[in-house]
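Survey of secondary and tertiary structure
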Amino acid sequence: MQVETAKPVTSMTPNTSQSSLLPKYLEEDELTEEFKELLSSLPRERGWVVPHIYKYHGVWHTPAQLRGVLALHQHFQAQDSDILLVTTPKSGTTWLKSIMFALMNRSRYPKSEQHPLLKTNPHVLVPFLEIKLYANKELPDLASFVSPRLFCTHLSCTTLPNSARDSACKIVYLCRNPRDTFVSLFHFSNKLRTPNLPPNSIEEVFDMFCEGASVYGPFWDHVLGYWKESLRKPQKVFFLKYEEMKEQPTLHLKRLAEFLGCPFSKVEEKEGVVGDILELCSFGNMSNLVVNRGGRLESGEEHSAYFRKGEVGDWKNYMTEEMVQRLEKISEQKFKGSGLCL
Ligand code: PAP
């Protein structure tokens, strides 16, 4: 199984003007009148990075994200052979992008110093649909992606394009416990805020997270939607938690390979291919690569912003007992009777 490598993007020189520090998909300029009208009809909340986020079909988006979602709905056609990696923001997207890229391209790039992941950031190799491919005015040319195409999205189950839901394309879903997800999102949002703006206070954005007002939130609805789909259609939706991947990476990588229809052969197992992929994609390795320590994505984010600690349980360093209790209570209420526990 092989997927086409998307073209690497050369690093952009950091620009110190206020708006240019924002990733493109977070900027609000150049919105059409029609789009502004749509925004004015939607519920609005203060944004964590940009001034406002808007609730569209039950999900919170920045204006630029929403523009990508609409373009995606209008133009993207999933193919039966497509593979979609779907994640809640800050659940380990970068990690699973690397793992899935390495897994699906393992015959093309066996363990070697030429592996694309050593030279190219995972977000370039496995692009986001709504915040990269469909984020610009021009529509993407997907002809260079060979089957099976591998894309990533943060879209909720309820806002996936119909073709993704109705086709036989496979979905790999990744989530993470709400405590670490929140802490990671808090840090990331402050990285994206311009130096001229004061950082978000943890208390303020915590309230917003609990109330569901975070990008692609409510967090609990996102996770629960895919959890239920994975129970209903286990052949279509593979549900994975960051914590279980951390705890038993070999087991889950093998399960993932089986789900995707490219199980490891006995010979591969004997040759240590599973371990090689995990080592290549490990936090220690990826975060120390020159490409990931410097440079930016075309959309503006520094590569290094995607590699902070990569641990389970960092929330203990940031959250009070009261905050933890509040999250517990919400999870209990939202997940009651579903069998889901995070
Ligand atoms: P995204 O959803 O915005 O694309 P995402 O990659 O999910 O971002 O978030 C980055 C988180 O994944 C960071 O978590 P932290 O803030 O708690 O540290 C980052 O450190 C973690 N991460 C990135 N790469 C890896 C990896 N190879 N292994 C484990 N965790 C990783």
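Residues numbered from 1 in each chain as written. Predicted model: local features only at pLDDT ≥ 70, side-chain atom pairs only at ≥ 80, totals over all residues. Heavy atoms only, no water.

On to unusual backbone geometry. Backbone torsion omega between S147 and P148 reads -5°, so that peptide bond is classified as cis. If you trace the backbone, P148 turns up in the loop between helix 5 (129–133) and strand 5 (150–153). Each neighbour pair has its own omega, and for G217 with P218 the value is 0°, a cis peptide bond. Structurally, P218 is set in the loop between helix 8 (202–210) and helix 9 (219–232). You will see that H57, though not glycine, has its phi angle at about 45°, which is positive. Examined against the element boundaries, H57 turns out to sit in the loop between strand 2 (52–56) and strand 3 (59–61). Positive phi, normally seen in glycine, also occurs at K90, with a value near 70°. Tracing the sequence through the fold places K90 in the loop between strand 4 (83–87) and helix 3 (93–104). (Helix = DSSP H or I, 4+ residues; strand = E, 2+ residues; numbered from the N terminus.)

On to the packing of aromatic side chains. One pass over the structure, following the stated rule, counts 18 aromatic pairs. Judged by centre distance (5.2 Å) and plane angle (55°), the rings of F188 and Y306 are tilted. With F188 in helix 7 (residues 178–192) and Y306 in the loop between helix 15 (290–293) and helix 16 (321–335), this residue pair connects regions lying 118 residues apart in the sequence. For the pair F188 and Y306, a shared accessibility class is recorded, and that class is buried. Across the ring face of F264, the terminal group of R106 is positioned such that the distance to the ring centre comes to 4.5 Å. (Phe/Tyr/Trp six-rings, centres within 6.5 Å; stacked < 30°, edge-to-face > 60°. Buried < 20%, exposed > 50% of the residue type's maximum accessible area, 1.4 Å probe, protein only. Lys NZ or Arg CZ within 6 Å of the ring centre and 35° of its normal.)

Quantified by volume, the largest pocket comes out at close to 810 Å³. Lining the largest pocket are 49 residues, and of these K90, G92, T94, S184 and Y306 lie nearest its centre. Those elements that place two or more of their residues in the lining of the largest pocket are helix 3, helix 7, helix 10 (242–247) and helix 14 (283–288). The element that contributes the greatest number of residues to the lining of the largest pocket is helix 7, accounting for seven residues. Looking at the lining of the largest pocket residue by residue, the class counts come to 25 nonpolar, 16 polar and eight charged. (1 Å grid on protein atoms, 1.4 Å probe; cavity = no way out; pocket = protein on both sides within 12 Å on 5 of 7 lines; lining within 4 Å. Points joined across faces, edges and corners; volume = space filled by probe spheres on them. Nonpolar A, V, L, I, M, F, W, Y, C, P; charged D, E, K, R; others polar.)

Attention now moves to the side chain of T159. Summarising the element assignment, T159 is placed in the loop between strand 5 and helix 6 (162–166). At a separation of 3.0 Å, a polar atom in the side chain of T159 contacts the side chain of S156. If we ignore the near neighbours within four places in the chain, the residues touching T159 are Y56, H57, V59 and H73. (Polar contact = N/O pair within 3.5 Å; in protein donor to acceptor, adjacent residues only side chain to side chain. Contact = heavy atoms within 4.5 Å.)

Before going further, it helps to spend a moment on the pattern of salt bridges. Where charged atoms of side chains with opposite charge meet at close range, the side chains can pair. Taken as a whole and judged by the stated rule, the model has 15 salt bridges. R326 is the partner of D207 in a salt bridge, and the nearest nitrogen-oxygen pair spans 2.5 Å. Residue D207 is located in helix 8, and its partner R326 is located in helix 16; the two are separated by 119 residues in the primary sequence. The exposure class assigned to R326 is partly exposed, which follows from its relative accessible area of 31%. (Salt bridge = Lys/Arg side-chain N within 4 Å of Asp/Glu carboxyl O.)

Let's shift gears to the side chain of T94. Relative to the elements of secondary structure, T94 occurs in helix 3. Residue classification places T94 among the buried residues on the basis of a relative accessible area of 9%. Ignoring any residue separated from it by four or fewer positions in sequence, one finds T94 in contact with P122, H123, Y306 and F307.

Attention shifts here to the packing of helix 1 (residues 33–40) against helix 2 (residues 63–75). When two helices pack together, their arrangement is given by the angle between their axes and by how far apart the axes lie. In contact at an axis separation of 12 Å, helix 1 and helix 2 are set at 110° when each is read in the N-to-C sense. Considered as vectors, helix 1 and helix 2 are oriented roughly perpendicular to each other. Facing F35, L38 and L39 of helix 1, the residues of helix 2 in contact are P63, L66, R67 and L70. Of the residues belonging to the contact of helix 1 with helix 2, the class tally is six nonpolar, no polar and one charged. (Axes fitted to C-alpha atoms, helices over the stretch in contact; angles between N-to-C directions. Parallel < 35°, antiparallel > 145°, perpendicular 65-115°, else oblique.)

Quick look at the site of the ligand now. Near the ligand you find 22 residues, and of these T93, T94, S184, R308 and K309 are the closest. In the model, an oxygen atom of the ligand is placed 3.0 Å from a nitrogen or oxygen of the S91 main chain. Side-chain polar atom of S184 to an oxygen atom of the ligand: 2.6 Å apart, as the coordinates give it. For the ligand, the accessible surface in isolation is 640 Å², of which the surrounding protein chains cover 97%. Taking a 2 Å distance to the grid points as the criterion, the majority of the atoms of the ligand fall inside the largest pocket. Looking at the shell around the ligand, the elements that each hand over two or more residues are helix 3 and helix 10. Among the elements that take part in the shell around the ligand, helix 3 stands out by supplying three residues, more than any other. Along the lines of polarity and charge, the residues of the shell around the ligand split into eight nonpolar, nine polar and five charged. (Near = heavy atom within 4 Å. Areas by Shrake-Rupley, 256 points an atom, 1.4 Å probe, with all protein chains shown as cover. Sits in = over half its atoms within 2 Å of the grid points.)

Purely spatial values, then, with no claim about function.
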